[in-house]
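Single-letter residue listing:
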Amino acid sequence: MDAVQGHRPPGRARRVMKIGIIGAGNIGGNLTRRLTALGHEVSVANSRGPHTLTALAEETGAQPVPVEEAARGAEVVVVTVPLKAVPDLPSGLLDGAAEGVAVIDTGNYYPRERDGRIGGIEDEGITESRWTERQIGHPVIKAFNGTYAQDILDRPRPAGDPDRMALPVAGDDETAKRTVRALIDELGFDTVDAGGIDDSWRQQPATPVYGLRAGTDGVTKALAEASAERTPEFRG
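Not measured: the values here are computed from a predicted model.

Basis of the calculations
Residues numbered from 1 in each chain as written. Predicted model: local features only at pLDDT ≥ 70, side-chain atom pairs only at ≥ 80, totals over all residues. Heavy atoms only, no water. Core = buried A, V, L, I, M, F, W, Y, C linked by side-chain atoms within 4.5 Å. Buried < 20%, exposed > 50% of the residue type's maximum accessible area, 1.4 Å probe, protein only. Helix = DSSP H or I, 4+ residues; strand = E, 2+ residues; numbered from the N terminus. Contact = heavy atoms within 4.5 Å. Expected span 1.5 Å × (residues − 1). Polar contact = N/O pair within 3.5 Å; in protein donor to acceptor, adjacent residues only side chain to side chain. Pairing = 2+ DSSP bridges. Right-handed = clockwise from strand over helix to strand, strands pointing away. Axes fitted to C-alpha atoms, helices over the stretch in contact; angles between N-to-C directions. Parallel < 35°, antiparallel > 145°, perpendicular 65-115°, else oblique.

Asker: How should I be thinking about the nonpolar core in this particular structure?
Answerer: One recurring pattern in soluble globular proteins is that nonpolar side chains are buried together. Core analysis: the biggest nonpolar cluster contains 30 residues, and Leu31, Leu35 and Phe144 have the highest contact counts within it. Sorting the residues of this core by element identifies strand E1 (18-22), helix H1 (26-37), strand E2 (41-45), strand E4 (76-79), strand E5 (102-105), helix H6 (149-154), strand E7 (166-171) and helix H7 (174-187) as the ones contributing at least two each. Counting residues per element, this core draws most heavily on H7, which supplies five residues. Excluding residues within four positions of it along the chain, Leu35 makes contact with Ile19, Ile21, His40, Val42, Leu183 and Leu187. Counting 26 residues, the second largest nonpolar core, distinct from the first, contains Ala45, Val79, Leu93 and Val103.

Asker: Any chance you could explain H7 here in plain terms?
Answerer: Each turn of an α-helix holds 3.6 residues, which means side chains three or four residues apart point in the same direction. Its 14 residues place the ends of H7 20 Å apart at the C-alpha level, agreeing with the 20 Å of an ideal helix rising 1.5 Å per residue. Within H7, the full set of buried residues consists of Ala176, Lys177, Val180, Leu183, Ile184, Glu186 and Leu187. Measuring from the backbone nitrogen of Thr175 back to the side-chain oxygen at the start of H7 gives 3.0 Å, which picks out Asp173 as the cap. Backbone geometry just after H7 places Gly188 at a positive phi near 105°.

Asker: Can you help me understand the pairing of E7 in this one?
Answerer: A regular strand places its side chains on the two faces of the sheet in alternate fashion. Taken across its six residues, E7 has six buried, putting it largely inside the fold. Alternating residues of E7 divide into Ala166, Pro168 and Ala170 and Leu167, Val169 and Gly171, and every residue in both groups is buried. In this sheet, E7 lies alongside strand E6 (residues 141-142) in antiparallel orientation, the contact comprising two bridges. Within E7, the residue paired with Lys142 across the bridge is Ala170. Pairing between E7 and strand E8 (residues 190-193): four bridges, direction parallel. Across the sheet, residue Ala166 finds its bridge partner in E8, namely Asp190. With H7 bridging E7 and its parallel neighbour E8, the resulting β-α-β unit is right-handed.

Asker: Would you explain the packing of H1 against H7 in this entry?
Answerer: Think of two packed helices as two axes; the pair is described by the angle between the axes and how far apart they sit. Contact geometry for H1 and H7: axes closest at 10 Å, N-to-C directions at 80°. The angle between H1 and H7 places the two elements in the roughly perpendicular class. The segment H1 lies against H7, with Leu31, Arg34 and Leu35 engaging Leu183, Glu186 and Leu187.

Asker: How should the sheet that holds E1 be read in this particular structure?
Answerer: Hydrogen bonds along the backbone pair up the strands of a sheet, which may run parallel or antiparallel. Ordered in space as E3-E2-E1-E4-E5-E6-E7-E8, the eight strands form an open sheet in which the pairing is mixed. Each having just a single partner strand, strand E3 (63-64) and E8 make up the two edges of the open sheet. Each of E1, E4, E5, E6, E7 and E8 touches H7; the most contacted strand, E7, lies at about 165° to it. Taken strand by strand, helix H8 (residues 216-224) contacts E7 and E8, and its axis lies near 30° from that of E8.

Asker: What should I look at first to understand unusual backbone geometry in this one?
Answerer: Excluding glycine, most residues fall at negative phi; most peptide bonds, likewise, are trans. At Phe144, a residue that is not glycine, the phi angle is positive and equals roughly 70°. Accessibility expressed as a relative area gives 4% for Phe144, which makes it buried. Positive phi is not limited to glycine here, since Ala206 has a value of about 80°. For Ala206, the position within the fold is in the loop between E8 and H8.

Asker: Can you walk me through the environment of Gly92 in this structure?
Answerer: Inspection of the secondary structure assignment puts Gly92 in the loop between E4 and E5. Separated by 119 residues in the primary sequence, Gly92 and Gly211 have C-alpha atoms spaced 33 Å apart.

Right under this line is the structure:
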């Protein structure tokens, strides 16, 4: 979910990681801002080429790279492109990534507004992130898909703060999920384990948790209240 850019909160990383971000829209751009502010080594890419990322690179210190190089050596890769663009990502995208790389999928299926009908999702009834996994040939961790981009900048809180937001995180690879949850904690948010990728429909668009600004109890409750039925506005 997108929002306008804002200030960049300060912070320092507990452990520097190499992170690749594929997609420099509002979510990708603001994750670049926050992760570089925390001291991580960030490479960022988009479909238009590194020359279009000069301003973001100058602002953040991130390294603009071609998409083919975004995952090189990365321990975490964030795929934050429109769902319709996922099949166009280069083959072997993750070949140069670090062993055990955690891949974060922030994507959402908007068939009427943007993506057109994707038969693999609608005809098979699989989750959006399971479909993305099949396209890129690697397990993913679904996170940030229902987070307002501006909140990444404006709403981090220290652990234990009563106003600290929680984000749902789904995925089958428990080691990768732990890596992603730790990174989100470092960014200033709690997390709730939303199950495996086949359970990630609970955080897709039109579910109670999508766009919810709440703590762990509220997010847990919203996940439990989700319906597996895809609403008409999110069918192509």
